Every structure is written in structure tokens, then in C-alpha cells.
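If you want the building blocks of each chain, they are given just below.
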Amino acid sequence: CAVMSSQEELTQEICEEFYKLVKPKGVMLVMTALHGCEACRGVKVGNVPTITSWFMGVFREKEPREEFMFLIQK
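In this text, all values refer to a predicted model and were calculated from it rather than measured experimentally.

(A) Representation of the confidence of the model for the protein. Here the protein averages 83 in pLDDT, and 78% of its residues register 70 or above. Of all helices and strands in the protein, the one with the weakest mean pLDDT is helix α2 (residues 36-40) (62), whereas helix α1 (residues 7-22) scores best (94).

(B) Quick peek at the pattern of salt bridges. Summed over all chains, the structure comprises two salt bridges. Where Lys20 meets Glu17, a salt bridge forms, and the shortest distance between an N and an O atom there is 3.3 Å. Residue Lys20 and its partner Glu17 are both found in helix α1; the two are separated by three residues, about one turn of the helix. On the basis of relative accessibility, which here comes to 49%, the residue Lys20 falls in the partly exposed class. Between Glu66 and Lys62 there is a salt bridge, with the nearest N and O atoms lying 3.8 Å from each other. You can see Glu66 and its partner Lys62 sitting in helix α3 (residues 62-72), four residues apart, about one turn around the helix. On the basis of relative accessible area, Lys62 is assigned to the exposed category, the value being 55%.

(C) Molecular detail of the environment of Ile51. With respect to the helices and strands, Ile51 occurs in strand β2 (residues 50-57). Judged by relative accessible area, which is 58%, Ile51 ranks as exposed. For the pair Ile51 and Ala33, spaced 18 residues apart in sequence, the C-alpha separation works out to 6.7 Å. Look past the residues within four positions of Ile51 in its chain and what remains in contact with it is Gln7, Val30, Met31 and Thr32.

How each quantity is defined
Residues numbered from 1 in each chain as written. Predicted model: local features only at pLDDT ≥ 70, side-chain atom pairs only at ≥ 80, totals over all residues. Heavy atoms only, no water. pLDDT = per-residue confidence, 0-100. Helix = DSSP H or I, 4+ residues; strand = E, 2+ residues; numbered from the N terminus. Salt bridge = Lys/Arg side-chain N within 4 Å of Asp/Glu carboxyl O. Buried < 20%, exposed > 50% of the residue type's maximum accessible area, 1.4 Å probe, protein only. Contact = heavy atoms within 4.5 Å.

Shown next, in the form of C-alpha cells:
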């Protein structure tokens, strides 16, 4: 596994590996993480999550993606 330089890249790599290994019709991943570096340096704000998403296959179509987002918000 390659060294990740960002949460965005990690989100994408997880989706791509799952898609390759499982071969589903689609994959969508929404990742939420708290980054300690943002609290200690940089913007100096804590407990603010960073949210990234990546989608492949059928989730590139608007309707399945919107349904997925609706379901995870519940």
C-alpha cells in the first residue's frame, strides 16, 4: 500500500481496492476524520471533522448517489 499524503487519497485508494477485489456494481465511501494537526497548529480549531467522499460504478449516476447520501444522513 502506498504512503498516503492526504485523507482524500486514502478515501480514493480504499474505494479502488474494494472495487477491484469485490467487483461490486458500485462503491461509495464517505470518510470523516478529526485531524490533530488542525487543533495544534494551522487553523488551531479542534473537533471540526474533515469529510471526504469517493464514488465509483453506479454511484457516478445521480440517483443512486443521492439515495446513498440520504440514507447515511439518517
